[in-house]
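# Fold and geometry: a report
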Amino acid sequence: MEKMVVVVFDSESNAYNGLNAIKQLHQQADLALFAVAVIAKDADGTVNVRQSADPGPIGTLFGACLGGLIGILGGPAGVAAGMTGGYVGGAMGDLDRMGINLEFLDDVSRVLTPGKAALVAHVDEYWTTPLDTAMQPLGGTVFRKVRSEVVDEQIDRDIRETQAELQALQEEYDAAAAEQKAKIQAKMDATRTKLQTKIDAANKWMKDAEQQAESKVAVLKEQAKAASDKQKAQIEKQVNEIQANVAKRQEKLKQSAASVREALTV
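Residues numbered from 1 in each chain as written. Predicted model: local features only at pLDDT ≥ 70, side-chain atom pairs only at ≥ 80, totals over all residues. Heavy atoms only, no water.

## Some points on the pattern of salt bridges
Scanning the entire structure with this criterion turns up 13 salt bridges. Salt-bridge contacts for Arg50 lead to Asp42; the nearest nitrogen and oxygen are separated by 2.7 Å. On the accessibility criterion, Arg50 (31% relative accessible area) is partly exposed. A salt bridge links Arg144 to Asp132, with the nearest nitrogen and oxygen atoms 2.9 Å apart. Here Arg144, found in strand E5 (residues 141-146), pairs with Asp132, found in helix H6 (residues 129-135); they are twelve residues apart in sequence, far enough to count as distant. In this structure Asp132 comes out as partly exposed when scored by relative accessible area, which is 31%. Each member of the salt-bridge network shares a partner with another, and the members are Lys3, Glu125, Asp132 and Arg144. (Salt bridge = Lys/Arg side-chain N within 4 Å of Asp/Glu carboxyl O. Buried < 20%, exposed > 50% of the residue type's maximum accessible area, 1.4 Å probe, protein only. Helix = DSSP H or I, 4+ residues; strand = E, 2+ residues; numbered from the N terminus.)

Set out below in structure tokens:
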């Protein structure tokens, strides 16, 4: 199960020990490590990245997510819950793509106080015991957030809502007097443009998701080479799930695109 994991430590040295430990868990195939970073909160409350890697497309999204995470965790404890809608929209975009919500951020921010450090990782965790067991001797407090398909759902909802808006304008146009049609037509044209922009964004998201899936599968297949037979079966299952999710997304986008093409030709 894909998760974002944050492990908070009392010191940077323990955070680096935690980094070594999670890499060891990956080598043992107790979890799959897709991307990881060490961050620290200075005495003045500023949060900085101390170490990070960029494993291709996964790292690109992870890096963007890490930037949003640092911006929010650099505030006082409880700041996430008190954010205004506008700020959330600006700071949460990439975090949403990684399945991170405000409640999770608040939980982490209350523990990540000045002077502490944390391990931030994107993992596929088969069970929780190995990570918990490895972090406990280091004094690590583990926070987990299961990744969800919130972005897929949001994209689909945006497209459907814009289509409904266009349909309502079309009905208004059909019933309008001649002198009103030009103004309504202008609104329809603007809505068609908006709808096309949304489907273009969906196509880009799908392409990004496919690249990320390919990177994850490559990581898992490499990990499987040194895994036990039982672990290989678990890894193969996860590879199949990743590929099935991509196929599901592709089909959903295909259906949305067909529906949009029909709406744009009305």
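## Looking at the sheet that holds strand E4 (residues 117-125)
On the basis of which strands lie adjacent, the open sheet formed by five strands has the order E3-E2-E4-E1-E5 and antiparallel pairing. Each edge of the sheet is formed by a strand with only one pairing partner; in this case those strands are strand E3 (47-52) and E5. Across the sheet, the mean angle separating the axes of adjacent strands is 25° when strand polarity is ignored. Of the strand pairs in this sheet, strand E2 (residues 31-41) and E4 are connected by nine bridges, and their pairing is antiparallel. Counterpart to Ile39 in the pairing with E4 is Ala118. Here helix H1 (residues 12-27) sits on the sheet in contact with strand E1 (2-9), E2, E3 and E4, set at roughly 175° to E2. Running at roughly 110° to E2, helix H8 (residues 178-224) makes contact with E1, E2 and E4 of the sheet. (Pairing = 2+ DSSP bridges. Axes fitted to C-alpha atoms, helices over the stretch in contact; angles between N-to-C directions. Contact = heavy atoms within 4.5 Å.)

## Topic: the environment of Arg144
Here Arg144 falls in the partly exposed class, since its relative accessible area comes to 25%. Each C-alpha atom of the pair Arg144 and Ala121 lies 9.7 Å from the other, and the pair is 23 residues apart in sequence. In this view, Arg144 contacts Lys3, Met4, Val5, Phe104, Glu125, Thr128, Leu131 and Asp132; residues no more than four positions away in its chain are not counted. Of the polar contacts made by the side chain of Arg144, one reaches the side chain of Glu125; its length is 2.8 Å. Within the structure, the side chain of Arg144 is placed 3.2 Å from the backbone oxygen of Thr128, a separation counted as a polar contact. (Polar contact = N/O pair within 3.5 Å; in protein donor to acceptor, adjacent residues only side chain to side chain.)

## Quick word on the nonpolar core
Ile39, Leu66, Val108, Val120, Leu220 and Ile235 are the most contacted members of the largest nonpolar core, which totals 49 residues. Elements represented by at least two residues in this core include exactly E1, E2, helix H2 (56-73), helix H5 (102-111), E4, helix H7 (150-175), H8 and helix H9 (229-264). Element by element, the count of residues in this core is highest for H8, at eleven residues. Residues within four places of Val108 in sequence aside, it is in contact with Val6, Val8, Leu73 and Phe143. With 20 residues, the next largest nonpolar core counts Ala15, Leu19, Ala117 and Val123 among its residues. (Core = buried A, V, L, I, M, F, W, Y, C linked by side-chain atoms within 4.5 Å.)

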